[in-house]
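Geometric and topological summary
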Amino acid sequence: MEDQKVMDSLKSPRFNGIKTFMRMPEDKNLAGVDFAVVGIPFDSGATYRVGTRFGPTQIREVSCLAAKPYNPVLGVGIFDHCKGVDYGDVRNIPGYIEDSFSLIEEDMSVLFNAGVVPVAMGGDHSVTLPELRACAKKHGPVALIHFDAHYDTIPEYFGKPYTHGTPFHHAAVEGLVDTAHSIHIGIREGLYSPEDERHSAELGYACLPAHVMHHMSMEEVIQTICERVGTKKAFLTFDIDFLDPAYAPGTGTPVPGGFSTAEALELVRGLKDLSIVGYDVVEVAPPYDTTQITAIAAAGLMQEFLSQIAYRKSRK
Ligand code: MN
Ligand code: MN
């Protein structure tokens, strides 16, 4: 697209310049824009380690390495079919979760209402609830494709409704997601009680737990997800702790027994034909990410998201 201004990494070294995601222009003008990368640097919903407020900055920093716009697996050039921007970060107030949710919902609504597909970077997983509130206002209840070691469907934590352990309880109760088409993928946490698992199922979510997935091919996992979602509009949320701590140590609540980055990329690629209207990657905590391996995985997943947005547009 001729009006897309992305820095050409064959002409200017990738370590040059101020870091935006994949060296896209930072721009709040959404005219003609297909997708917008946006940071949600809020971590007051964390119940254990904090630090994901630094996630968006770190992911942008390492994403310059991924600033090569042609995806050879999908056979698509991201900017041949799409116009994208780095929208910067949404507003939030550290420590004030409900005020922040209002600001996040308001800012994300601007993107959804402009017909843009947002690709957001958390922040802790609590931010997905206001994202889904904004999404539902535009698209109605969506199918939730939820990669995570955790259900995140506890009704309340410490007697309070909003933390990173509760977003998908509220999303279901508020009617933001169509749980009959929604699925958790990669769950392997120890539970507070069997009630946690029962509650998620009672809300209507399907679940592919890690111990089952480890005996399936990735192809079978892809098929299960695609059958569940069908032709519904969907929102894909990727908690980086879906990955094993060997691949993603920089996160708030790591759980052993997870998946490799290669497996995650393969799973995400397999969803390229679904009608996904929004994406996020959450829970990247740079203070625990000494080699940047976690942020690099997040940037790679986001590059796949942008590639599949372009892939879908190229097929229209
Ligand atoms: Mn989560
Ligand atoms: Mn998690």
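Now for a quick tour of the structure. (Residues numbered from 1 in each chain as written. Chains lettered and ligands numbered in written order. Predicted model: local features only at pLDDT ≥ 70, side-chain atom pairs only at ≥ 80, totals over all residues. Heavy atoms only, no water.)

Attention now goes to the overall build of the chain. Assigned secondary structure in the chain consists of 10 helices and 10 strands. Based on the C-alpha atoms only, the size of the chain along its principal axes is roughly 55 × 40 × 40 Å. Considering the chain as a whole, with its 316 residues, one finds that 59% of them fall into the buried category. Partitioning the intrachain contacts of the chain with sequence separation of at least 6 by distance along the chain shows that 79% fall at a separation of at least 24. With the model as given, the accessible surface of the chain reaches about 12,700 Å², and the carbon-plus-sulfur share is 54%. A gap of 7 Å separates the mean positions of the 27 positive and 41 negative side-chain charges of the chain. (Helix = DSSP H or I, 4+ residues; strand = E, 2+ residues; numbered from the N terminus. Buried < 20%, exposed > 50% of the residue type's maximum accessible area, 1.4 Å probe, protein only. Contact = heavy atoms within 4.5 Å. Areas by Shrake-Rupley, 256 points an atom, 1.4 Å probe, with all protein chains shown as cover. Lys, Arg positive; Asp, Glu negative; His and termini not counted. Charge placed at Lys NZ, Arg CZ, Asp CG, Glu CD.)

So, on to the pattern of salt bridges. Counting across every chain of the model gives 13 salt bridges. One continuous salt-bridge network, built from bridges that share partners, spans Arg-60, Asp-86 and Asp-89. (Salt bridge = Lys/Arg side-chain N within 4 Å of Asp/Glu carboxyl O.)

With the rule as written, the count across this model stands at 8 aromatic pairs. A cation over an aromatic ring shows up here: Lys-28 above the ring of Tyr-87, its NZ or CZ 4.5 Å from the ring centre. Here the basic side chain of Arg-49 rests over the ring of Tyr-288, its NZ or CZ set 3.9 Å away from the ring centre. (Phe/Tyr/Trp six-rings, centres within 6.5 Å; stacked < 30°, edge-to-face > 60°. Lys NZ or Arg CZ within 6 Å of the ring centre and 35° of its normal.)

Distances from the manganese ion (ligand 1) to its protein donors, His-125 (ND1), Asp-148 (OD), Asp-152 (OD) and Asp-239 (OD), fall within 2.1 to 2.2 Å. Positions of the donor residues of the manganese ion (ligand 1) along the chain correspond to the pattern H-x22-D-x3-D-x86-D. Here the manganese ion (ligand 1) and the manganese ion (ligand 2) are spaced 3.3 Å apart, and both take Asp-148 as a donor. Pair noted here: Asp-148 is in the loop between strand 6 (143-147) and helix 5 (167-173) and Asp-239 is in strand 9 (residues 233-239), with a separation of 91 residues, a long-range link. (Donors = N, O, S within 2.8 Å, 3.2 Å for Na, K, Ca; no water.)

Next up on the list: helix 3 (residues 97-113). Side chains of residues three or four places apart in an α-helix project in the same direction, reflecting 3.6 residues per turn. The end-to-end C-alpha distance of helix 3, which contains 17 residues, comes to 24 Å, matching closely the 24 Å that a straight helix rising 1.5 Å per residue would cover. Within the span of helix 3, buried status applies to Ile-97, Ser-100, Phe-101, Leu-103, Ile-104, Glu-105, Asp-107, Met-108, Ser-109, Leu-111 and Phe-112. Following helix 3 by one or two positions, Gly-115 has its phi on the positive side, about 75°. (Expected span 1.5 Å × (residues − 1).)

Time to look at the layout of surface pockets. Approximately 440 Å³ is the volume found for the largest pocket. Taken together, 18 residues make up the lining of the largest pocket; nearest its centre are Val-117, Ile-276, Ile-309, Arg-312 and Lys-316. The set of elements that each furnish at least two residues to the lining of the largest pocket consists of strand 10 (275-282) and helix 10 (293-315). Tallying contributions element by element places helix 10 first for the lining of the largest pocket, with 5 residues. Partitioned by chemical class, the residues of the lining of the largest pocket number 7 nonpolar, 3 polar and 8 charged. (1 Å grid on protein atoms, 1.4 Å probe; cavity = no way out; pocket = protein on both sides within 12 Å on 5 of 7 lines; lining within 4 Å. Points joined across faces, edges and corners; volume = space filled by probe spheres on them. Nonpolar A, V, L, I, M, F, W, Y, C, P; charged D, E, K, R; others polar.)

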